[in-house]
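Architecture at a glance
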Amino acid sequence: DLLSDIQDALFRANSTVNERIPMEITVDDNILQNSQKANEASKMLQANAEIFEEATQILVQKFGMGIIPIANKVLETTQMLNNTIRVKRDAKCPSPPSSCSDNFHRTTRSISGICNNVKNRKWGNSETGMRRLLGAVSYSDGLNTIRTRGVNGKLLPSAREISNKIFQASNENATSKQYNHLLMQMGQFLAHDLIFMPSSTARSYGGGSLNCSSCDSPKTVSPNCAPIPVPSDDPYFKIGCIRLTRALNGQTGFGIRQQIDQNTHFIDLSAVYGSEDCEAVTVREYKDGRLLEFRYANYVLPPQNVRDENCQSRSPFHCFTCGDFRNSLHPALIPIHTVFIKQHNRLAQMIKNSRSGLTDEQIFQLARRIMIAQWQHFVYSEYLPNILSLAIRKKYDLVELDNGFYKGYKQTRDPSLTNEFTGAAFRFGHSQARDRFQRINNKGQSQGDYKLGNDIFYADQNYLAGNGGWEAILIGMIKSEAMEVDRYISHSMRNEIFRIRQKEGTGVDLAAVNVMRGRDIGLLPYTSYRKFAGLSAVKSWDGLSQEFTKENIDALKKVYDSYDDIDLYAAILSEKHMGESIVGPTAANIIAETFEGLKVGDRFYYENEGIFTNAQLAEIRKSKLSKIICQNTDGLKTINRDIFSLSSQSVNCDQLADININVFF
Ligand code: HEM
Ligand SMILES: [Ca+2]
């Protein structure tokens with residue numbers, strides 16, 4: 001009967017995935033770096049998800065797709081999974097609360113996101129799946145197999161070929177006339193608050209990184225390998241394939257492969273505070289509400305992580321421990337982490353000074369609550385207005401109020417990110433990154449520059465006190481141009497991400513990874529999303545001419561057999577910008593829809609009634625990113641009024657309003 005068929009499928013699936021263990025080849029971080037490392041909780045999810053993935057295939061072969069909901073119902077009503085295979089639990093992290101009605105979860109944003117939504121308590125939590133924008137996937141078997149053929153049956157172009165022909169920058173790699181490089185960097189910091197999509201790991205004990213370098217690794221190492229073929233005439237790589245590991249499968253039942261977010265989806269500074277209670281412990285000082293810091297020369301840096309195996313720089317230039325593992329991915333990200341740690345500690349100090357007798361926990365929670373509110377305010381009032389036009393921000397309810405409370409919270413709104421947002425649209429920022437990062441000291445003097453591709457997971461730049469330390473990198477970003485958001489991507493990004501110094505060709509092409517990642521996670525081809533973005537259906541290449549220049553259509557035509565094959569990422573960087581937006585209509589709508597969910601579906605969104613009083617809200621609303629940067633650097637006495645603008649007038653830091661902490665008691 002059905003019950004035993006399902007049980008049987010699970011048993012068989014379990015042994016199939018375990019039989020693969022002996023062929024797994026893992027690789028050390030100092031040989032091949034990787035930023036998307038799965039944490040223990042994600043590895044637990046993968047352990048079971050792969051069994052579901054395999055079992056689904058067995059069942060679908062026998063009964064067809066219709067079996068999926070039925071099998072899940074059976075799973076729900078029996079203890080079948082628990083009886084069949086051992087469900088793993090992460091013992092280090094405390095188990096979730098038994099109810100959301102206790103005082104803490106009613107009033108306080110939890111670290112993992114649990115109980116933000118009291119009906120669907122796991123919505124937006126770390127270690128949960130992403131939504132699919134159109135509710136559909138594009139896997140060749142409908143379940144998990146990467147699409148390899150286009151609509152006319154021809155093999156799709158390799159992601160590296162697409163990168164070479166569409167994203168390769170020549171002299172057209174233009175700098176922005178409007179925006180400084182900090183706009184890029186805040187975008188990445190925001191991305192790291194929202195999304196951490198881990199890569200699959202080895203199934204064998206320890207869950208190391210899979211070595212997916214060889215072109216036949218999907219067969220010889222793991223089905224979770226998805227290496228990118230390199231064309232034989234490649235201008236840079238002299239290898240057969242660029243390594244890539246598929247995003248970790250975290251499906252929790254029978255059905256389609258499901259990618260997860262290891263961070264909280266919410267805008268909650270999880271990159272500062274962590275996304276799980278056990279991670280949050282590693283960043284707190286547990287004294288006076290403070291976060292841990294490390295002092296070097298006369299600078300503050302985040303606490304050192306002396307055991308970070310991914311870190312390429314050697315002692316004493318260790319990488320750091322922050323709420324997000326990727327904090328030391330490249331040197332310019334660390335100053336942002338540092339500024340926010342310092343800001344938290346400034347707030348904690350102010351709270352302690354104005355109210356004696358508060359516990360460490362009380363100070364910590366208040367400082368955290370204020371800082372997350374300031375951050376949400378920056379995101380909606382300073383960052384997004386530079387990315388999305390007013391028209392589209394209005395359409396998606398993203399415009400902040402001048403006063404009063406926001407009344408739009410909807411308990412029915414799932415705040416989760418979409419695969420389209422994380423896998424393609426919000427990666428637009430990769431086009432903004434420069435090849436070389438400037439260092440400028442507080443007197444406005446150049447302290448030289450460094451090449452991004454030479455510094456992936458090297459923290460040493462941030463220690464160089466003689467060059468002005470991390471502040472010189474931060475000021476360098478304020479004073480130099482971002483790259484234009486266009487289809488051209490810098491040399492370092494396209495050839496040298498994860499490259500080990502002095503070893504040419506050991507890195508990857510991030511632009512190609514983005515394209516391949518899109519296929520890996522089952523994104524539909526671009527034309528499927530046009531309707532969602534308010535665009536007309538396409539019946540020919542010419543049908544694209546409203547949104548694409550002729551030159552860009554020609555470039556796309558050279559790699560794609562059909563307009564219906566265009567990968568979402570390639571289209572997003574090739575569309576004409578929409579109105580005042582920095583991206584085209586497709587990216588703009590995908591991005592706006594996610595930020596709408598993150599506002600409407602966040603019970604603790606800072607403008608909601610009951611979070612702050614009117615007087616407190618007024619203090620948050622007058623906060624400016626420029627002031628926070630002023631206050632948490634030693635060198636800056638003047639700063640851009642409009643922090644991301646190249647043409648902004650400069651103001652004295654003292655002229656910008658500070659927060660009045662006294663209204664918060
Ligand atoms: C120098 C700057 C940057 C570097 C070196 C960098 C590097 C990376 C790398 C290595 C990945 C993982 C790709 C994968 O395995 O799929 C990634 C993912 C991503 N990046 Fe960037 N990035 C940079 C800037 C940005 C910016 C400016 C934005 C947005 C404005 C951004 C948004 C994203 C997003 C949304 C993801 C997906 C994250 C995930 O799946 O966990 N990045 N980036
Ligand atoms: Ca978050």
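Residues numbered from 1 in each chain as written. Chains lettered and ligands numbered in written order. Predicted model: local features only at pLDDT ≥ 70, side-chain atom pairs only at ≥ 80, totals over all residues. Heavy atoms only, no water.

Observations regarding the overall build of the protein
Operational definition: Comment: elements are numbered from the N terminus, with helices defined as DSSP H or I runs of at least four residues and strands as E runs of at least two. Between the two quantities, the radius of gyration covers C-alpha atoms and the globule rule is 2.2 Å times the number of residues to the power 0.38. Burial classification: accessible surface area is computed with a 1.4 Å probe over protein chains only, and a residue below 20% of its type maximum counts as buried, one above 50% as exposed, and the rest as partly exposed.
On a plain count of helices and strands, the protein comes out with 22 helices and 12 strands. Whereas a compact globule of 665 residues would reach a radius of gyration of roughly 26 Å, the protein reaches 24 Å, a difference of no more than 12%. Viewed in the frame of its principal axes, the protein has a C-alpha envelope of about 70 × 60 × 50 Å. Across the 665 residues that make up the protein, the buried fraction comes to 62%.

A word on the pattern of salt bridges
Just so we agree on the cut-off: Between Lys or Arg on one side and Asp or Glu on the other, a salt bridge is scored when a side-chain nitrogen of the former is within 4 Å of a carboxyl oxygen of the latter.
Scanning all chains against the criterion turns up 41 salt bridges. In this structure, the salt-bridge partner of Glu607 is Arg621, at a minimum N-O distance of 2.9 Å. Here Glu607 is found in the loop between helix H20 (585-600) and helix H21 (614-621), whereas its partner Arg621 is found in helix H21, with 14 residues between them in sequence. Arg621 matches Glu607 in its accessibility class, with the two residues each being buried. Through salt bridges with shared partners, a single network forms among Asp435, Lys451, Glu496, Arg499 and Glu504.

A short note on the coordination of the calcium ion (ligand 2)
Rules: Here a donor is an N, O or S atom found within 2.8 Å of the metal, or within 3.2 Å if the metal is Na, K or Ca; sites may look incomplete because water is not among the atoms.
For the calcium ion (ligand 2), the full set of protein donor atoms is Asp193 (O), Asp193 (OD), Thr264 (O), Thr264 (OG1), Phe266 (O), Asp268 (OD) and Ser270 (OG), at a range of 2.3 to 2.5 Å. In the primary structure, the donors to the calcium ion (ligand 2) are separated according to the pattern D-x70-T-x1-F-x1-D-x1-S. Given the relative accessible area of 3%, Asp268 is considered buried.

Remarks on the site of ligand 1
What counts here: We call a residue near a molecule or strand whenever a single non-hydrogen atom of that residue lies within 4 Å of it. Side-chain atoms alone can form a polar contact between residues adjacent in sequence; in general such a contact is a pair of N or O atoms within 3.5 Å, and within protein one must be able to donate a hydrogen while the other accepts it. Amino acid classes used here: Ala, Val, Leu, Ile, Met, Phe, Trp, Tyr, Cys and Pro are nonpolar; Asp, Glu, Lys and Arg are charged; the rest, including Gly, are polar.
Inspection of the region around ligand 1 gives 26 residues, with Gln36, Met197, Arg427, His430 and Arg517 positioned closest. One nitrogen or oxygen atom from the main chain of Ile195 is found 3.5 Å from an oxygen atom belonging to ligand 1. Arg326 places a side-chain nitrogen or oxygen 3.2 Å from an oxygen atom of ligand 1. At the level of secondary structure, the elements contributing two or more residues to the shell around ligand 1 comprise helix H7 (181-194) and helix H17 (510-520). Ranked by the residues each element gives to the shell around ligand 1, the list is headed by H7, at 4 residues. Taken together, the residues of the shell around ligand 1 sort by class into 15 nonpolar, 8 polar and 3 charged.

Describing unusual backbone geometry
A cis geometry characterises the amide bond from Ser315 onward to Pro316, with omega recorded as 5 degrees. Structurally, the position occupied by Pro316 is in the loop between strand S7 (299-301) and helix H11 (334-354). Even without being glycine, Ala297 reaches a positive phi, approximately 50 degrees. Among the residues examined, Ala297 registers a relative accessible area of 59% and is labelled exposed.

Overview of the environment of Ser446
The following threshold applies: Contacts are assigned to residue pairs that have any heavy atoms within 4.5 Å of one another.
Note on placement: Ser446 falls in strand S9 (residues 446-451). According to the relative accessible area criterion, Ser446 is exposed, its value standing at 54%. Remark: the alpha-carbon pair of Ser446 and Asn467, spanning 21 residues in sequence, is separated by 9.1 Å. If near-sequence neighbours (up to four positions away) are discounted, Ser446 is found in contact with Arg439 and Ile440.

Here's the deal with the confidence of the model for the protein
Condition: A residue's pLDDT is the predictor's confidence in that residue, given on a scale from 0 to 100.
Predicted confidence across the protein gives a mean pLDDT of 95, with 97% of residues reaching 70 or more. Scored by ipTM, the complex comes to 0.99, with pTM at 0.98.

Looking at the state of the cysteines
Applicable threshold: Only a pair of cysteine sulfur atoms within 2.5 Å counts as a disulfide in this structure description.
Tallied over the entire structure, the rule returns 5 disulfides. A sulfur-sulfur distance of 2.0 Å marks the disulfide that ties Cys100 to Cys115. Between Cys100 and Cys115, the S-S torsion sits near -75 degrees, and that sign places the bridge as left-handed. Of the two residues, Cys100 sits in the loop between helix H4 (80-84) and helix H5 (103-107) while Cys115 sits in the loop between H5 and strand S1 (128-129), which places them 15 residues apart along the sequence. Here Cys630 engages in a disulfide with Cys653; their sulfurs sit 2.0 Å apart.

Quick notes on H21
Taken together, the buried positions of H21 are Gln616, Leu617, Glu619, Ile620 and Arg621. Looking at the buried residues of H21, the elements they touch are helix H12 (360-387).

Looking at the packing of H7 against helix H15 (residues 469-479)
Defined as follows: Helix axes are fitted only over the stretch in contact, all axes being lines through C-alpha atoms; the angle between N-to-C directions runs from 0 to 180 degrees. Angular relationships are summarised with four words: roughly parallel below 35 degrees, roughly antiparallel beyond 145, roughly perpendicular across 65 to 115, and oblique for the angles in between.
Direction vectors running N to C along H7 and H15 enclose 120 degrees, while the axes themselves pass 5 Å from each other. The orientation of H7 with respect to H15, classified from their angle, is oblique. Facing H7, whose interface residues are His181, Leu182 and Gln185, H15 presents Leu474, Met477 and Ile478.

As for the environment of Ile661
By the element assignment, Ile661 lies in the segment after strand S12 (650-652). The exposure class assigned to Ile661 is buried, which follows from its relative accessible area of 5%. As a C-alpha pair, Ile661 and Leu347 span 314 residues in sequence and 8.0 Å in three-dimensional space. Leave out the neighbours within four places in its chain, and Ile661 touches Leu347, Met350, Ile351, Ser354 and Ile370.

Here's the deal with a nonpolar patch on the surface
Put simply, the rule reads: Candidates for patches are residues over 30% relative accessible area with no salt bridge; among them, like charges are joined within 9 Å and nonpolar side chains (Val, Leu, Ile, Met, Phe, Trp, Tyr) within 5 Å. Note on areas: Shrake-Rupley, 1.4 Å probe, and residue coverage restricted to the protein chains presented here.
A cluster of nonpolar residues, Leu2, Phe63 and Ile70, forms a patch on the protein surface that exposes about 230 Å² of accessible area. Topologically, Ile70 is positioned in helix H3 (residues 67-77). Classification of Ile70 as partly exposed rests on a relative accessible area of 43%.

Observations concerning the packing of aromatic side chains
Put simply, the test is: Only rings of Phe, Tyr and Trp enter the pairing, Trp through its six-membered ring, and a pair is recorded when the two centres are within 6.5 Å. The plane angle decides the type: under 30 degrees is stacked, over 60 is edge-to-face, the rest tilted. Note on geometry: a ring has a charge over it if NZ (lysine) or CZ (arginine) is within 6 Å of the ring centre and within 35 degrees of the ring normal.
In the structure shown here, the tally under the stated rule is 25 aromatic pairs. Measuring from ring centre to ring centre gives 5.6 Å for Tyr526 and Phe548, while their planes differ by 85 degrees; the resulting arrangement is edge-to-face. Note that Tyr526 is positioned in the loop between H17 and helix H18 (550-559) and Phe548 in the loop between H17 and H18, a separation of 22 residues in sequence. When the ring centre of Tyr458 is taken as reference, the NZ or CZ atom of Arg501 above it lies at 3.7 Å.

Quick word on the pairing of S9
Here is the rule we go by: Two strands qualify as a pair provided that DSSP identifies no fewer than 2 bridges between them.
Direction of pairing for strand S8 (residues 436-440) relative to S9: antiparallel, over a ladder of 4 bridges. Within S9, the residue paired with Arg436 across the bridge is Lys451. If you look at the hairpin formed by S8 and S9, you'll find 5 residues sitting between the two strands, and Gly444 has a positive phi there, around 80 degrees.

Looking at the side chain of Asp308
Cut-off, in case you're wondering: Only four residue types enter the tally: Lys and Arg on the positive side, Asp and Glu on the negative side, with His and both chain ends excluded.
With respect to the secondary-structure elements, Asp308 resides in the loop between S7 and H11. Of the side chains with opposite charge, Lys37 lies nearest to the buried Asp308, which makes no salt bridge, at 6.4 Å. Every residue in contact with Asp308, bar those within four places of it in the chain, is listed here: Cys319 and Phe325.

Looking at H15
The buried fraction of H15 amounts to 10 of the 11 residues, a majority that puts the element mostly inside the structure. Looking at H15, one finds that the buried residues are Gly469, Trp470, Glu471, Ala472, Ile473, Leu474, Ile475, Gly476, Met477 and Ile478.

Section: the side chain of Ser275
Mapped onto the fold, Ser275 is located in the loop between helix H9 (270-273) and helix H10 (277-280). Other than its neighbours up to four places away in sequence, Ser275 contacts Ile111, Ser112, Ser126, Gln262, Asn263, Thr264 and Ser270.

Considering the environment of Tyr563
Tracing the chain through its elements places Tyr563 in the loop between H18 and helix H19 (568-574). With a relative accessible area of 16%, Tyr563 lands in the buried category. When near neighbours in sequence (up to four residues on either side) are disregarded, Tyr563 contacts Thr527, Val538, Lys539, Ser540, Trp541 and Leu544. A distance of 2.8 Å separates a polar side-chain atom of Tyr563 from the backbone oxygen of Lys539.

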